[in-house]
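Structure at a glance
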Amino acid sequence: MSLHLRYAAISDRGVVRQGNQDSVFAGSHFIAVADGMGGMAAGDLASAIVINTVARLDVPPPPDSVVDELADAVADANRAIRRCVADDPQKEGMGTTLTALWFDGEWFNLVHIGDSRAYRMREGGFEQVTVDDTYVQMLVDEGRITAEEAERHPQRSLLLRALGASEVEPAFQTIKGMPGDRLLLCSDGLSGPVSDADIARTLQSSATPQEAAQTLVQQALDAGAPDNVTVLVADVVEEDPGEQRQIIGGAAADQRLAESDTAVLRAVREDGEPADEATVDLRPSGGGEQAEDGKPAKRRGRVWRTVLSCLIVLVLAAGAGAYWARTQYFIGVSDAGNISVFRGLPFEVAGLRAAWLDTESDRPASEATDEVEADLADGIRVDGREGAEAELEELTDPASTNENLDPLCSASDTEAVPTAAKDCRED
Ligand code: MN
């Protein structure tokens, strides 16, 4: 028996927040909610990157490797966030939750990290499917506070896990779908201000996913909606509901995120961009997105461009960095131990040595004073090729007045103080 999903999704900015850092995706095979965090407009980028990376899973899952592919998509999303942070250190700390389900017509393959939630209504029974990766959930698990205390705890939104970290461990689980199941994915902007009991009542009483989603968002707004509110409702149905539009909403559908495009990207984006990924904007008051009856707009491509632009900027930055490094000079020690001019940088860049031998003198570094020898080991930065040649000349000048080199020993000195001989220059 192959079952189907009938879905609706809304992402709303809420009452208090200036922007929407939540993102949502819904398709016939894959549904996902992400709640971004981080200042400097980074949270919305994080959730948009993740949603647009994992949205590729909106195809029938491969029977044998579903968990692997789910894990790969999440790992790819995490890498994409980290590349953006590497490219722009101001985005350090940006991250996102992800709660997503990949449906094969019978089983839900669920991946979860953070405090967005999946709930299931089955035959009147209401159940939270995911476990929050939060500090207060840990306290509840340890029996130190009750679930009711957790709801009012001042640190209730403190996450223990999120995408964007150097190492992520999402939770995976598999749940068998049953006809009549109603699933809810939501960000904490719903589950915070609206109680589980109220959520359950609305899911129970709404005729369609669309009605349920709209009512739930309204309940969050009525409760003051201090955070962005994202709600995705999916019914498990036996009858094929026919063609449904993919929904992409929240930050992932935000035009502004696409505006970091540059001319460089135009060539890239014209290559192989999916042609028919329509999205819908139903935000009646500039707040959220919905599907099913709005006007389509091709937006997924734009967010892909943002993701791509982050990657390309990084590559360009690395290339420009390598070019710049080759214009730099320093004085160091050659493999043969001689004082030499190098082009490049006297330290490793990303684990790679970025230095090229330019001019090698015949003066061993060991003949320099201890102080100069230590400086040489670190690399003495100089200004351009001329600066390098002047410095090399100064360091290796055989004149006896050269303070950079150990003093010359006269034959009589050597004889008089034989133990000091090794500290003296041999010429
Ligand atoms: Mn939130």
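Scroll up a little and you will see the structure.
Attention here is on the structure that accompanies the text. The structure displayed is predicted, hence computed values, not measured ones.

Calculation notes
- Position labels on residues start from 1 in each chain and follow its written sequence.
- Note on the predicted model: pLDDT of at least 70 is required for a residue's local features to be given, and 80 or more for side-chain atom pairs to be given and counted; whole-chain, interface and lining totals, by contrast, use all residues.
- With hydrogens and water stripped out, all remaining heavy atoms of the structure feed into the side-chain values.
- Numbering of helices and strands starts at the N terminus; helices are DSSP runs of H or I of at least 4 residues and strands are runs of E of at least 2.
- Residues are treated as being in contact if the distance between any of their heavy atoms lies within 4.5 Å.
- Any N or O atom pair separated by 3.5 Å or less is treated as a polar contact, with the protein-specific requirement of one donor-capable and one acceptor-capable atom, and with residues adjacent in sequence counted only for side-chain atom pairs.
- Only protein chains enter the accessibility calculation, which uses a 1.4 Å probe. A residue is then buried if its area is under 20% of the maximum for its type, exposed if over 50%, and partly exposed in between.
- What makes two strands pair is DSSP finding at least two bridges between them.
- For the purposes of this section, nonpolar cores are sets of buried Ala, Val, Leu, Ile, Met, Phe, Trp, Tyr and Cys residues that join through side-chain atoms within 4.5 Å.
- Residues with no salt bridge and a relative accessible area higher than 30% make up the patches, which join like charges within 9 Å and nonpolar side chains (Val, Leu, Ile, Met, Phe, Trp, Tyr) within 5 Å.
- Computed with a 1.4 Å probe, the accessible areas rest on the Shrake-Rupley method; for each residue, only the protein chains presented here act as cover.
- A pairing counts as a salt bridge when a side-chain nitrogen of Lys or Arg comes within 4 Å of a carboxyl oxygen of Asp or Glu.
- Counted as positive: Lys and Arg. Counted as negative: Asp and Glu, with His and the chain ends omitted from the count.
- By convention, charge coordinates are those of NZ in Lys, CZ in Arg, CG in Asp, or CD in Glu.
- Only nitrogen, oxygen and sulfur atoms qualify as donors, provided they sit within 2.8 Å of the metal or within 3.2 Å for Na, K and Ca; with water excluded from the atoms, sites may seem incomplete.

**As for the environment of threonine 99**
Among the secondary structure elements, threonine 99 is positioned in strand E5 (residues 98-103). Note: C-alpha distance between threonine 99 and histidine 112 (13 residues apart in sequence) is 4.4 Å. Excluding its chain neighbours within four sequence positions, the residues that come into contact with threonine 99 are Ile31, Ala32, Val33, Val111, His112, Ser116, Arg117, Ala118, Thr130 and Leu185. Polar contacts involving the side chain of threonine 99 include one to the side chain of histidine 112, which spans 2.9 Å.

**A few points about the pairing of strand E10 (residues 182-186)**
Among the 5 residues in E10, 5 count as buried, and that is most of the element. Neither face of E10 is open: one carries Arg182, Leu184 and Cys186, the other Leu183 and Leu185, and all of them are buried. Strand direction decides the pairing type here: strand E7 (residues 117-122) and E10, joined by 5 bridges, are antiparallel. When the sheet's bridge partners are listed, tyrosine 119 is paired in E10 with leucine 184.

**Let's talk about the nonpolar core**
Residues Phe30, Ile49, Ile51, Ile81, Met94, Leu98 and Leu163 are the most contacted members of the largest nonpolar core, which totals 33 residues. Sorting the residues of this core by element identifies strand E3 (30-37), helix H1 (42-54), helix H2 (66-87), E5 and strand E6 (107-113) as the ones contributing at least two each. If you tally residues by element for this core, the top one is H2, at 9 residues. Those residues in contact with methionine 94 that sit more than four places away from it in its chain are Met37, Gly38, Ala42, Leu45, Ala46, Ile49, Ile81, Cys84, Val85, Leu163 and Gly164. Core analysis: the second largest hydrophobic core is formed by 21 residues, Tyr7, Phe103, Ile175 and Leu185 among them.

**Some points on a negative patch on the surface**
Taken together, the side chains of Asp370, Glu371, Glu373, Asp375 and Asp378 define an acidic patch exposed on the protein surface. Inspection of the secondary structure assignment puts aspartate 370 in helix H10 (residues 370-378).

**Points about the coordination of the manganese ion**
Geometrically, a metal with four donors at the corners of a regular tetrahedron has ideal angles of 109.5 degrees, and one with six donors at the corners of a regular octahedron has ideal angles of 90 or 180 degrees. The manganese ion binds to the protein through Asp35 (OD), Asp188 (OD) and Asp227 (OD); the donor distances cover 2.1 to 2.2 Å. All donor residues of the manganese ion come from one chain, and their arrangement in sequence is D-x152-D-x38-D. Placement of the pair is aspartate 35 in strand E3 and aspartate 227 in the loop between helix H7 (209-222) and strand E11 (229-237), with a sequence separation of 192 residues. Of the two residues, aspartate 35 and aspartate 227, both sit in the buried class.

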